[in-house]
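Here are the chains, one letter per residue:
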Amino acid sequence: MINESMKKIGSYRTMGLTGKTKTKVKLFLWISPFLMLTFVFYYLPLFGWSFAFVDYIPGVPLLKQEFVGMKYFEIIFSGGNDFFEVIRNTLALSFLGVAVAPIPVIFAIALTEIRIPILSRFIQTVASIPNFISWILVYAVFFALFSSGDGLINKVLLDTHLIRKPLEPLISDTYAWYIQLLIGLWKGTGWGAIIYIAAIVGIDQELYNAAKVDGAGRFRKIWHITIPGIVPTFFVLLLLSISNILSNGFEQYYVFQNPMNIGKLEVFDTYIYRMGIANAEYSFSTAMGIFKSVISIALLLFANFLSRVVRKESII
Amino acid sequence: MEKIKNALFQIVNTGMLLLFSLSCIYPFYYIIINSMSNPVEIANGVYFFPKDITWAAYQQLSHIPNLYHSVFVSVARTIVGTVLTVLSCAFVGYLVTKKLMPCRKWIYRFIIFTMFFNSGLIPWYMVMKELHLKNNFLLYVLPTMISAFFIILIKTYIESLPTSLEESAEVDGADTFTIFAKIIFPLSMPIVACIAVFTAVNQWNSWADNLYLVSDSRLDTLQLLLYRNLQSNMASVLQSSSNSNAAASLSSSVQVTATSIKHAMTVITVLPILVVYPLMQKYFVKGIMLGAVKG
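Here the structure is a predicted model, which means the values were calculated and not measured.

1. Side note on the overall build of chain A
- Looking only at helices and strands, chain A features 15 helices and zero strands.
- Scaling as 2.2 N^0.38, a compact globule of 316 residues should have a C-alpha radius of gyration of about 20 Å, whereas chain A reaches 28 Å, well beyond that.
- Once the C-alpha set of chain A is aligned to its principal axes, its extents read approximately 105 × 70 × 40 Å.
- Counting every position in chain A, which comprises 316 residues, the buried fraction comes to 31%.
- The long-range share in chain A, meaning contacts at least 24 apart out of those at least 6 apart in sequence, stands at 65%.

2. A look at the overall build of chain B
- The secondary structure content of chain B amounts to 15 helices and zero strands.
- Its C-alpha atoms give chain B a radius of gyration of 25 Å, clearly above 19 Å, the size a compact globule of 295 residues would have.
- Overall size of chain B, expressed as C-alpha extent along the three principal axes, is 75 × 70 × 40 Å.
- In chain B, which comprises 295 residues, the share counted as buried stands at 41%.
- Taking as baseline every contact in chain B between residues at least 6 positions apart, the subset at least 24 positions apart corresponds to 74%.

3. Section: the environment of Ile194 of chain A
- Relative to the helices and strands, Ile194 of chain A resides in helix H9 (residues 176-201).
- Through-space distance from the C-alpha of Ile194 of chain A to that of Ala108 of chain A is 7.1 Å; in sequence the pair is 86 residues apart.

4. Let's talk about the interface of chain A and chain B
- Across the boundary between the two partners, chain A contributes 70 residues, which contact 64 residues of chain B.
- At 15 residues, the largest contribution of residues to the side of chain A that touches chain B is made by helix H2 (residues 19-43) of chain A.
- Grouping the constituent residues of the side of chain A that touches chain B by class yields 48 nonpolar, 11 polar and 11 charged.

5. Let's talk about unusual backbone geometry
Residue and element names in this part refer to chain B.
- If you check the backbone angles, Cys103 has positive phi at about 55 degrees while not being a glycine.
- Turning to its location among the elements, Cys103 is positioned in the loop between helix H4 (67-95) and helix H5 (104-112).
- Judged by the 12 C-beta atoms lying within 10 Å of it, Cys103 falls in the exposed class.
- One non-glycine residue with positive phi stands out, namely His132, at about 60 degrees.
- Considering the arrangement of structural elements, one finds His132 in the loop between helix H6 (121-130) and helix H7 (138-141).
- For His132, a count of 10 C-beta atoms within 10 Å puts it in the exposed group.

6. Remarks on the domain arrangement of chain A
All names here are of chain A.
- Here chain A is partitioned into domain 1 (2-53) and domain 2 (78-311).
- For domain 1 versus domain 2, the separation of C-alpha centres amounts to 46 Å.
- Across the contact, four residues belong to domain 1 and five residues belong to domain 2.
- Class assignment for the residues of the side of domain 1 that touches domain 2 results in three nonpolar, one polar and no charged.

7. Brief notes about the nonpolar core
- Counting 126 residues, the largest nonpolar core has Ile136 and Tyr139 of chain A together with Ile154 and Ile195 of chain B as its most contacted members.
- In terms of residue count, helix H7 (residues 135-146) of chain A provides more of this core than any other element does, 11 residues in total.
- Non-local contacts of Ile154 of chain B, meaning those with residues more than four positions away in its chain, are made with Cys89, Ala90, Gly93, Ser188 and Ile191 of chain B.

8. Some remarks on the environment of Ile227 of chain A
- Along the chain, Ile227 of chain A turns up in helix H11 (residues 218-243).
- A count of 14 C-beta atoms within 10 Å places Ile227 of chain A in the partly exposed class.

9. Some thoughts on the packing of helix H14 (residues 268-278) of chain A against helix H15 (residues 282-311) of chain A
Residues and elements named next belong to chain A.
- The geometry of H14 relative to H15 is characterised by a closest axis approach of 8 Å and an angle of 155 degrees between their N-to-C directions. What the angle tells us is that H14 and H15 run roughly antiparallel. H14 and H15 meet at a crossing whose hand is left-handed. Contact with H14, carried on its side by Phe268, Ile272, Met275 and Gly276, involves Tyr282, Phe284, Ser285, Met288, Gly289 and Lys292 of H15 and no other residues of that element.
- Grouping the amino acids of the contact of H14 with H15 by side-chain chemistry returns six nonpolar, three polar and one charged.

10. What to know about the environment of Arg308 of chain A
All names here are of chain A.
- Within the element layout of this structure, Arg308 appears in helix H15.
- Residue Arg308 is classed as exposed on the basis of its 12 C-beta neighbours within 10 Å.
- Along the primary structure Arg308 and Val25 are separated by 283 residues, whereas in three dimensions their C-alpha atoms are 40 Å apart.

Scoring rules and cut-offs
Residues numbered from 1 in each chain as written. Chains lettered and ligands numbered in written order. Predicted model: local features only at pLDDT ≥ 70, side-chain atom pairs only at ≥ 80, totals over all residues. Helix = DSSP H or I, 4+ residues; strand = E, 2+ residues; numbered from the N terminus. Rg over C-alpha atoms; globule rule 2.2 N^0.38 Å. Buried ≥ 20, exposed ≤ 12 C-beta atoms within 10 Å, placed from the backbone. Contact = placed C-beta atoms within 7 Å. Nonpolar A, V, L, I, M, F, W, Y, C, P; charged D, E, K, R; others polar. Domains from an automatic or database assignment. Core = buried A, V, L, I, M, F, W, Y, C linked by C-beta atoms within 7 Å. Axes fitted to C-alpha atoms, helices over the stretch in contact; angles between N-to-C directions. Parallel < 35°, antiparallel > 145°, perpendicular 65-115°, else oblique. Left-handed = near helix turned anticlockwise from the far one by under 90°.

See below:
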């Protein structure tokens, strides 16, 4: 009797996959197409970094390309091309962006000081609309406002004789950086404030009550309670933007570029596009892309290190 | 004295914020009213209400080559892209929560890691080319199917659902996909809605992939067509053709300027956003809150 049942158990084991293994295999089968997609669109391009080390000619298989080592990296840094001007523009615009990082904070604090809920909700909704339109639409809006022909602002100022010649901010070379800064603020402040508003709402109300009892006025409360409550969030966002210092974003600068202001507005991302796709300088452009990725990762690790040192917490 | 200082602060503060808000909404209003006003009046200045309403500019839009195509392309990529992205991110987010998934930790890291590096434009371009995705509608909707950020959001949400639901379904013999489709996905609607609105707006606004990879103008999105319109003198070509049409047609003696055509095109491109965002705002805010907490 016992031998019979032992045989049965033995035969189940030899019958093949147990239930658990079958489930594991099925699960893996379900997820593998998506893992393939992830590999193809995110990891496979990394093999393209090899283009930077050969004189890439399209159509020729990779192994038959002529290996040139660091030639393109040397070309980048040797000058005689626009690389340094492009880096100057990129860093200038990034630093300006960091310099105005407090503005969404101020906006958020000002918004929470409004006592009429309908008004503050209205302002929050309307102010964040520009964040959700494409940069092409932003360009369309600023074109309608500032075109020297019949832009709204120029029309009004000329008609009221406040100026005699039309303003031409969109083709200005001298003020290009500041104009892009203002445009960026117009687009980003409303939505950028939302995170800070969430942080402010999360501050313990008791602190405010206690401060009021102690006789603190509005600005003292803001300075001693609200701002310290926001500083952690602000710091994290600041460090993250440091790691993105070489990536201003292709779209904004591409749409606002024109022959007049391109000396100031050609940033790294647009330069990589122009050299790589428009001019088909594949190896040169790939080398610049590698440079950008490596620096960005290094900056991210550095920002993470800073965060650990100063705040005893990592970002990633 | 306190009351006066308080009132003054409120007035100044509210005033400045309202002024900023006005700057965010008035330009759109200006463009809308100018797109439907007679250009003669526009020269005098249309600032508050449309004057001498005419739809001529919109009628001229139909003469822009590829306009209907580009609207179709933009709508198609928004719908198809959103559906594909939402479904695939939700399913992957669910699969990653299954304890029995082999190498679960490594799979999760494999996906998350994609948020931290960027292979660069040219390598990505080459991959798309090799996959025959140049001049192919799929290039608009395939790459966005896997978004680590959305997958994290969904995974976190699903993990907060009670496990008894899944367990009882498994006992009843339901397989993985059925459980996902009939139980998990419907329950995840709050977070799915957030992801859907973000994806939809992104798809409607996308044009860079169009620029990089498409030379066939039948695949152009509305955004890129608008940009080319704004830049070129295409509009003045239309203007002269519209004048000759006007001469031939019975009723219209209305001229259409290049600018009012630009305005009309801007309106049709921006209107979906202006309508959708205020209605859906709570989904956007919720999405970013969850993302910020998790991130």
